[in-house]
Amino acid sequence: MLKVYKGLNIAYYIVSSFLGVILALILISINVNEILALVIIALWIIVNSIVFNAIANKRGAALINLRDSCNTRSFVNEYAKLLPNQKEGSSSDALVRLNMAAGYLDLGDVQGAMNIMSRVNLPEAKFNNFAKGLAAVYHSNFCLAFIKSGDIPMAEKALAACYNVVNDEKFPPAERGKFLKYCALRQAQIDIATGNPERIDGAEKAFLDYFHSSETLLEKVSAGYWLARIKYMQGDREEEKKYLNYTYANGGDTMYGMEAKRILEGYKAEEASYGNYIDDITESIPEEEVSPESFLDESL
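Residues numbered from 1 in each chain as written. Predicted model: local features only at pLDDT ≥ 70, side-chain atom pairs only at ≥ 80, totals over all residues. Heavy atoms only, no water.

**Q** Lay out the overall build of the protein chain in plain terms, naming residues and giving numbers.
**A** Of the regular secondary structure elements, the protein chain holds twelve helices and zero strands. Reading the secondary structure of the protein chain in the N-to-C direction produces α-α-α-α-α-α-α-α-α-α-α-α. Relative to its 300 residues, the protein chain shows a buried fraction of 38%. Taking as baseline every contact in the protein chain between residues at least 6 positions apart, the subset at least 24 positions apart corresponds to 59%. (Helix = DSSP H or I, 4+ residues; strand = E, 2+ residues; numbered from the N terminus. Buried < 20%, exposed > 50% of the residue type's maximum accessible area, 1.4 Å probe, protein only. Contact = heavy atoms within 4.5 Å.)

In structure tokens:
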């Protein structure tokens, strides 16, 4: 994370350099042995490196937590501040852009996500495991963007590209299982978007597993949203509303929470309208008891 924060940490480097100069002057003024001086300066550099990395990691964790806790707009805004400090075309620039794009997708801003990803220059991945991970995220983000925009053929192409990267023999083995799970979820989202009845059961299982195994609120909220869509397709209104209520209550400013709110409000209005209709019918029924004989013509 330190390379992502290099622009924001410039103040730390200035302070460190200033103190380093003072330290060197002190060592010179007291005639410290050259070897001892080198050891002291080396320790100074090591300590500062540890401190800077700790600061960067702490800030990076706080930043990721914004997204994980569904505080998505703040997450995107913080990454937007980082972007000008990155060298365009570098791996850190790609990382910032891909994270911003993920945030835009969480907000439902598909065009914003595509705009930011269009300027991602993936580093050479042949001998770079980090670059391979970036490539997998790149294709996964595009797949979700195409799903949300309704362009399923392009979503399928992006998913195929993601599978190719993840299944490459040089892809980091420790990361392969996690990325294959994400690919399976993208396939489930495609199946939901296309309304394929033969694959809905598989999609439901994938998202139920994801919902119950998720480690972050965002993961549970997104799983809840897709499970609600599945229940809608299955005609199970009560289960759909259960997942919608969870998604709305926990979704923060994500599009999942906002969409759940919109659907629930629609159902509430629909139910209120139906209730009014029943009330109107009830009010039109005479309160006094009406006997069958009253409908007979007494002249007959």
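**Q** Could you give an account of a nonpolar patch on the surface, with specific residues and numbers?
**A** On the surface, Ile 35, Leu 36, Val 39, Leu 43, Ile 46 and Ile 50 cluster together into a nonpolar patch covering about 580 Å² of accessible area. Within the element layout of this structure, Leu 36 appears in helix H2 (residues 34–68). (Patch = residues over 30% accessible without salt bridge, like charges linked within 9 Å, V, L, I, M, F, W, Y side chains within 5 Å. Areas by Shrake-Rupley, 256 points an atom, 1.4 Å probe, with all protein chains shown as cover. Salt bridge = Lys/Arg side-chain N within 4 Å of Asp/Glu carboxyl O.)

**Q** Any chance you could break down the packing of helix H6 (residues 129–149) against helix H7 (residues 152–166) for me, citing the residues and the numbers?
**A** It is at 8 Å that the axes of H6 and H7 come closest, and there the two elements cross at 165°. Taken together, the axes of H6 and H7 lie roughly antiparallel to each other. Two packed elements cross with a definite hand, and for H6 against H7 that hand is left-handed. Taking contact as the criterion, the partners of Lys 132, Ala 135, Ala 136, His 139, Ser 140, Phe 142, Cys 143, Phe 146 and Ile 147 in H6 are, on H7, Ile 152, Met 154, Ala 155, Ala 158, Leu 159, Ala 161, Cys 162, Val 165 and Val 166. Residues that form the contact of H6 with H7 fall into these classes: 15 nonpolar, two polar and one charged. (Axes fitted to C-alpha atoms, helices over the stretch in contact; angles between N-to-C directions. Parallel < 35°, antiparallel > 145°, perpendicular 65-115°, else oblique. Left-handed = near helix turned anticlockwise from the far one by under 90°. Nonpolar A, V, L, I, M, F, W, Y, C, P; charged D, E, K, R; others polar.)

**Q** Can you break down helix H9 (residues 200–213) residue by residue, with the values?
**A** A rise of 1.5 Å per residue sets the reference length of H9, with its 14 residues, at 20 Å; its end C-alpha atoms lie 20 Å apart and thus fit the reference within 8%. For H9, the full list of buried residues reads Ile 200, Ala 203, Glu 204, Phe 207, Tyr 210 and Phe 211. The buried residues of H9 all sit within an arc of 130° when viewed along its axis, so they share a single face. For H9, the exposed residues lying more than 90 degrees away from the buried face are Asp 201, Lys 205 and His 212. Contacts from the buried residues of H9 go to helix H8 (173–194), helix H10 (217–233) and helix H11 (237–250). (Expected span 1.5 Å × (residues − 1). Arc of directions from axis to C-beta.)

**Q** Which residues make up the state of the cysteines, and what are the values?
**A** Evaluated as defined, the whole model comprises zero disulfides. Sulfur of Cys 162: no disulfide; nearest cysteine sulfur belongs to Cys 183 and is 3.5 Å away. On the accessibility criterion, Cys 162 (2% relative accessible area) is buried. (Disulfide = S-S within 2.5 Å.)

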